[in-house]
Amino acid sequence: LFDGVFPFYPQQRKAAGFDISTIIVIVVFLTLACSFLLIIPGIRGRARLYWTLRVLFSLFVGVVIVVVQFTGDWETGWVQANTSYKSFSAVQVSADIGLHIGLAGVNVTLRGTPVRQINETIDYNEHFPWSFGADYDHSYSQGLQKGLPSPILYVAEKFSRQSPCAVHRQYRIAGHYASAMLWVAFCTWIISNILFSMPVLVYGGYMLLATGASMIFSLLSFSTVRSSPMCPIQIGTRTLHVAYGGSFWLMLAIGLLCSVFGITVVAMHHLRLDLLKTFFDLREDTAEEHQEMPEVFINPHFTDKGL
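Note that the coordinates shown come from a computational prediction; the quantities given were computed from them, not determined experimentally.

Caption draft 1: Spotlight on the overall build of the protein chain. Per the secondary structure count, the protein chain includes 10 helices and 7 strands. Here the protein chain, with 307 residues, has 39% of them falling under the buried criterion. Long-range pairs, those at least 24 residues apart, make up 66% of the contacts in the protein chain between residues at least 6 apart in sequence. For the protein chain, the exposed area adds up to about 17,900 Å²; of that, 63% sits on carbon and sulfur atoms.

Caption draft 2: View of the nonpolar core. If you look at the biggest cluster of nonpolar residues, it comprises 67 residues, and the most contacted ones within it are Trp-74 and Leu-99. When residues in this core are grouped by element, the largest group, 9 residues, is from helix α2 (residues 47–67).

Caption draft 3: Spatial organisation of the pattern of salt bridges. The final tally for this structure, using the stated rule, is 5 salt bridges. The salt bridge partner of Arg-161 is Asp-135, with a shortest N-O separation of 3.9 Å. Of the two residues, Arg-161 is situated in the loop between α4 (150–157) and α5 (168–197) and Asp-135 in the loop between β4 (120–129) and α3 (136–146); the sequence distance between them amounts to 26 residues. Overall, Arg-161 belongs to the partly exposed group, its relative accessible area being 43%.

Caption draft 4: Fine view of the packing of aromatic side chains. This structure, assessed with the given rule, holds 16 aromatic pairs. Geometrically, the ring pair formed by Trp-74 and Phe-248 is edge-to-face, given 6.4 Å between the ring centres and 80° between the ring planes. Here Trp-74 is found in the loop between α2 and β1 (75–84), whereas its partner Phe-248 is found in helix α7 (residues 246–271), with 174 residues between them in sequence. The same class applies to Trp-74 as to Phe-248, namely buried.

Caption draft 5: Looking closely at the UniProt feature "transmembrane region" (unreviewed entry) in the protein chain. Within the UniProt annotation, "transmembrane region" (unreviewed entry) is assigned to residues 20–39, 51–70, 90–110, 177–196, 202–222 and 242–268. Span residues 90–110 is 0% helix and 76% strand, its end C-alpha atoms 18 Å apart. Taken end to end, residues 177–196 is 100% helix and 0% strand, and its two terminal C-alpha atoms sit 29 Å from one another.

Caption draft 6: Up close: the packing of α2 against α7. Viewed as axis vectors pointing N to C, α2 and α7 meet at an angle of 140°, and their least axial separation amounts to 11 Å. In terms of axis orientation, α2 runs oblique to α7. Crossing geometry of α2 relative to α7 is assigned as left-handed. Note on element contacts: α7 touches α2 through Leu-250, Met-251, Ile-254, Leu-257, Cys-258 and Phe-261, opposite Phe-57, Phe-60, Val-61 and Val-64. Residue composition of the contact of α2 with α7, grouped by class: 10 nonpolar, no polar and no charged.

Caption draft 7: Highlighting the packing of α5 against helix α6 (residues 201–223). Put simply, α5 and α6 touch, their axes get as near as 8 Å, and they point 170° apart. In terms of orientation, α5 lies roughly antiparallel with respect to α6. Of the residues in the contact of α5 with α6, the class split is 20 nonpolar, 8 polar and no charged.

Caption draft 8: Region of interest: the sheet that holds strand β3 (residues 105–117). The 5 strands lie next to each other as β4-β3-β2-β1-β7, forming an open sheet whose pairing is antiparallel. A strand with exactly one partner marks an edge of an open sheet, and here the two such strands are β4 and β7 (243–244). Where α4 meets the sheet, it contacts β1, β2 (92–101), β3 and β4, and its direction lies at approximately 160° from that of β3.

Caption draft 9: Looking closely at the pairing of β3. In this sheet, β3 lies alongside β2 in antiparallel orientation, the contact comprising 7 bridges. Counted as the bridge partner of Gly-98 is Thr-109 from β3. Two successive antiparallel strands, β2 and β3, enclose a turn made up of 3 residues. Hairpin geometry of β3 and β4 is characterised by an intervening segment of 2 residues between the two adjacent antiparallel strands and by a positive phi of about 40° at Ile-118.

Caption draft 10: Spatial organisation of helix α1 (residues 20–39). The first and last C-alpha atoms of α1 sit 30 Å apart over 20 residues, in line with the 28 Å expected at 1.5 Å per residue. Taken together, the buried positions of α1 are occupied by Thr-22, Val-25, Phe-29, Ala-33 and Phe-36. Seen along its axis, α1 keeps its buried residues to an arc of 75°; they face one direction. With respect to the buried face of α1, the exposed residues turned more than 90 degrees away are Ile-20, Leu-38 and Ile-39. Buried positions along α1 lie against α2 and α5.

Caption draft 11: The pairing of β4, seen in detail. Pairing analysis gives 9 bridges linking β3 to β4, with the strands arranged antiparallel. In the strand pairing of β4, Leu-110 is matched with Tyr-124.

Caption draft 12: Representation of α4 in the model. The element α4 is largely enclosed, with a buried count of 6 among its 8 residues. Residues Ser-150, Pro-151, Ile-152, Leu-153, Val-155 and Ala-156 constitute the buried set of α4. Looking at the packing, one finds that the buried side of α4 touches β1, β2, β3, β4, α3 and β5 (233–235).

Quick notes on the rules
- Residues numbered from 1 in each chain as written.
- Predicted model: local features only at pLDDT ≥ 70, side-chain atom pairs only at ≥ 80, totals over all residues.
- Heavy atoms only, no water.
- Helix = DSSP H or I, 4+ residues; strand = E, 2+ residues; numbered from the N terminus.
- Buried < 20%, exposed > 50% of the residue type's maximum accessible area, 1.4 Å probe, protein only.
- Contact = heavy atoms within 4.5 Å.
- Areas by Shrake-Rupley, 256 points an atom, 1.4 Å probe, with all protein chains shown as cover.
- Core = buried A, V, L, I, M, F, W, Y, C linked by side-chain atoms within 4.5 Å.
- Salt bridge = Lys/Arg side-chain N within 4 Å of Asp/Glu carboxyl O.
- Phe/Tyr/Trp six-rings, centres within 6.5 Å; stacked < 30°, edge-to-face > 60°.
- UniProt positions renumbered as here; feature names shortened; annotations may be inferred.
- Axes fitted to C-alpha atoms, helices over the stretch in contact; angles between N-to-C directions.
- Parallel < 35°, antiparallel > 145°, perpendicular 65-115°, else oblique.
- Left-handed = near helix turned anticlockwise from the far one by under 90°.
- Nonpolar A, V, L, I, M, F, W, Y, C, P; charged D, E, K, R; others polar.
- Pairing = 2+ DSSP bridges.
- Expected span 1.5 Å × (residues − 1).
- Arc of directions from axis to C-beta.

In structure tokens, the structure reads:
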């Protein structure tokens, strides 16, 4: 025993704050946003406001599409209960148990209330992946070998292949197709930005509509998991219930917003093209459009000489 730690055994897992992939994506898009804000003072007049709205909205849509691929709160649930902490032990602890379901797997959180109990820090966040190429049952077996707390193993077991709940395959396939539709949305988002900058405004609006539609289809794909009844997750005397989380509702809001903006662009192209060109900073001066010279000065000296 050295300073309260057994040196030859795996150390206690600590709770994770953010997925590293999420942090990388956010930093990349923040860098792009800051780079644009550095050049925005060079744009004159009301066009500065229009450019700011368009660029920041577009970057926000892009970062949401990519980040939700790695988040774990498409479905979430929390419950506070008194439960056993370790197998073959009658010791009870008071803890918050959280379930966070994402496209690529499930996170089970165990946080003591208070965190320090029975001479241990009870603060766990364990990830069990089910994406294609990952072995959920192997991750669950590793958790058994490491001796994770009983509530975490109990909740994780509900999503294994051998569980009588039989929801593993449904969640795995639904998450796979939802992720695929989000990558389609990311591709159409890139194409829409290219078309808006060419500029081919009406086709950019069509691609923005396709982006919103792909987001909505990804939500419909994930929602198919509700067709399978979920086994009750009973922890002590309390039941853990799950509901749609922040990523799901954020995707719904952004998908509807993209659809509305795409419809607006297409409608304005047919009804108010001049106003649409003003918003995208494409209007030319009237004198340049008609190739008019507003005022002409003639030197009478050269006129008298017949020149």
